[in-house]
Amino acid sequence: MPKSLISIHDFTKEEILHILDVAQEFEQNKCQNFLSDKVIATLFFEPSTRTRLSFETAANRLGARVIGFSDAGNTSVSKGETLKDTIKMVSNYVDLIIMRHPLDGSARYASEVASVPVINAGDGANQHPSQTLLDLYTIRQTQGKLTDININMVGDLKYGRTVHSLLQAMSHFSPKFTFTAPDELKMPDEYKDFLDRKGIPYKEETAMEGNINDCDILYMTRVQQERFTDPMEYEKVKNTYSLTASMLKDAKPNMKILHPLPRVTEISQDVDDTPFAYFFKQAENGVYIRMAIIAYLLGYR
Ligand code: CP
């Protein structure tokens, strides 16, 4: 089976650091052309702006050609074709598959039936490893290091696949965590158990106030309406947090606000003009990291 990126655990610490270093080279030299004989598929069974477009930009900047879909409703999935058949068939067309799917575990399953590498671009509430690598890249870019970083994760920590992947990746670098979430959206026990086993400290809070000034990274997340089965539950928690510029007056000078995006109401627009806002540059970094992941999985770097 070819090497895929489904969970952040699929890469060792050394591989993670290698990807970050290659991404840094690509940021300095954005146009490479060594994949001109490759075809890459982007199969998005769930909406996306950044992940799909940055993967496609990355593939184009490496010289590869891209096929795929952003709406499975226009494919034979709507006629009842299974994920297995779709993946097996696309495997015969391309050199690498990038897939987003609403079901937890679907990406692992796809990698087991594919004959080419698969990159998980997000599977349900489970994992989003390319987002995690770009988050690590951005943390290192803003803090000058990955070790001993104090991260406050805020918002939907229950369904947020980006925080789950990031927590696991940061476990290589002796972090400290604060988890700020309403009771309904707390960090699931399996991730807290993981930290306990690794001896990594964390505290849980429900209010943002009083928990911003000591962090290096404030990792905001959206409450994800699409993950709720009960609309009333979503209504109850959707506006729990709203970060405004006035809340940042005593933040550490090195502190940066990250967000996987899209944002809704959890970061007010006035935050964008503060020196702490870094989420648009974070999204740009996605191109360089995804160039590095593609190059690595295809055996070029
Ligand atoms: N961060 C992220 O996954 O954004 P998209 O949903 O727009 O791809």
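Everything discussed here concerns the structure shown above.
So, a few notes on the structure that sits alongside this text. Keep in mind that what you see is a predicted model, and the values were worked out from it rather than measured. (Residues numbered from 1 in each chain as written. Predicted model: local features only at pLDDT ≥ 70, side-chain atom pairs only at ≥ 80, totals over all residues. Heavy atoms only, no water.)

### Some thoughts on the overall build of the chain
Here comes step 1: A count of helical and extended segments in the chain gives nine helices and nine strands.
Here comes step 2: Relative to a compact globule of 301 residues, whose C-alpha radius of gyration would be 19 Å, the chain shows 19 Å and is just as compact.
Here comes step 3: Counting over 301 residues, the chain shows a buried share of 57%.
Here comes step 4: Mean positive and mean negative side-chain charge positions of the chain (34 and 40 charges, respectively) differ by 4 Å. (Helix = DSSP H or I, 4+ residues; strand = E, 2+ residues; numbered from the N terminus. Rg over C-alpha atoms; globule rule 2.2 N^0.38 Å. Buried < 20%, exposed > 50% of the residue type's maximum accessible area, 1.4 Å probe, protein only. Lys, Arg positive; Asp, Glu negative; His and termini not counted. Charge placed at Lys NZ, Arg CZ, Asp CG, Glu CD.)

### A few points about the sheet that holds strand β4 (residues 118-123)
Here comes step 1: Across the sheet, four strands lie side by side as β2-β1-β3-β4; this open sheet has parallel pairing. Two strands lie at the open edges of the sheet, namely β2 (65-69) and β4, each paired on one side alone. On average, adjacent strands in this sheet sit at an angle of 15° to one another, irrespective of strand direction.
Here comes step 2: As judged from the five bridges shared by strand β1 (residues 39-44) and strand β3 (residues 96-101), these two strands associate in the parallel manner. Opposite A41, over in β3, you have I97 as the bridge partner.
Here comes step 3: The sheet strands contacting helix α2 (residues 50-61) are β1, β2, β3 and β4, and the helix crosses β1 at an angle near 180°. (Pairing = 2+ DSSP bridges. Axes fitted to C-alpha atoms, helices over the stretch in contact; angles between N-to-C directions. Contact = heavy atoms within 4.5 Å.)

### Considerations on the site of the ligand
Here comes step 1: Looking at the ligand, the residues that line it are S48, T49, R50, T51, R100, H128, Q131, P260 and L261.
Here comes step 2: In the environment of the ligand, an oxygen atom lies 2.6 Å from a nitrogen or oxygen atom belonging to the side chain of S48.
Here comes step 3: Side-chain polar atom of R50 to an oxygen atom of the ligand: 2.9 Å apart, as the coordinates give it.
Here comes step 4: Computed on the free molecule, the ligand has an accessible area of 250 Å², of which 91% lies beneath the protein chains in the complex.
Here comes step 5: Its residues placed into classes, the shell around the ligand shows two nonpolar, five polar and two charged. (Near = heavy atom within 4 Å. Polar contact = N/O pair within 3.5 Å; in protein donor to acceptor, adjacent residues only side chain to side chain. Areas by Shrake-Rupley, 256 points an atom, 1.4 Å probe, with all protein chains shown as cover. Nonpolar A, V, L, I, M, F, W, Y, C, P; charged D, E, K, R; others polar.)

### A closer look at the pairing of strand β7 (residues 202-205)
Here comes step 1: One ladder, built from four bridges, connects strand β6 (residues 176-180) with β7; its direction is parallel. Paired with T178 across the bridge in β7 is K203.
Here comes step 2: Each parallel crossover has a hand, and for β6 linked through helix α7 (residues 189-198) to β7 it is right-handed. (Right-handed = clockwise from strand over helix to strand, strands pointing away.)

### Points about the sheet that holds strand β9 (residues 256-258)
Here comes step 1: Strand order in the open sheet made by the five strands is β7-β6-β5-β8-β9, with parallel pairing throughout. This sheet does not close on itself; its edge strands, each paired only once, are β7 and β9. Direction aside, the axes of adjacent strands within the sheet are offset by 20° on average.
Here comes step 2: The pairing of strand β5 (residues 150-154) with β6 spans five bridges and is parallel. Residue pairing in the sheet places M153 in a bridge with F179 of β6.

### Some details on the environment of H128
Here comes step 1: When you line up the elements, H128 lands in the loop between β4 and α5 (129-143).
Here comes step 2: Looking at H128, the relative accessible area reads 3%, which means it is buried.
Here comes step 3: Linking H128 and A295, residues 167 residues apart in sequence, is a C-alpha distance of 18 Å.
Here comes step 4: Excluding its chain neighbours within four sequence positions, the residues that come into contact with H128 are T51, R100, A121, G122, R161, T162, S165 and R290.
Here comes step 5: For H128, the side chain forms a polar contact with the side chain of R100, separated by 3.2 Å.

### Focus on the side chain of S171
Here comes step 1: Here S171 shows up in the loop between α6 (161-170) and β6.
Here comes step 2: Given a relative accessible area of 12%, S171 falls into the buried group.
Here comes step 3: The residues touching S171, leaving out its near neighbours within four places in the chain, are F194, K198 and I200.

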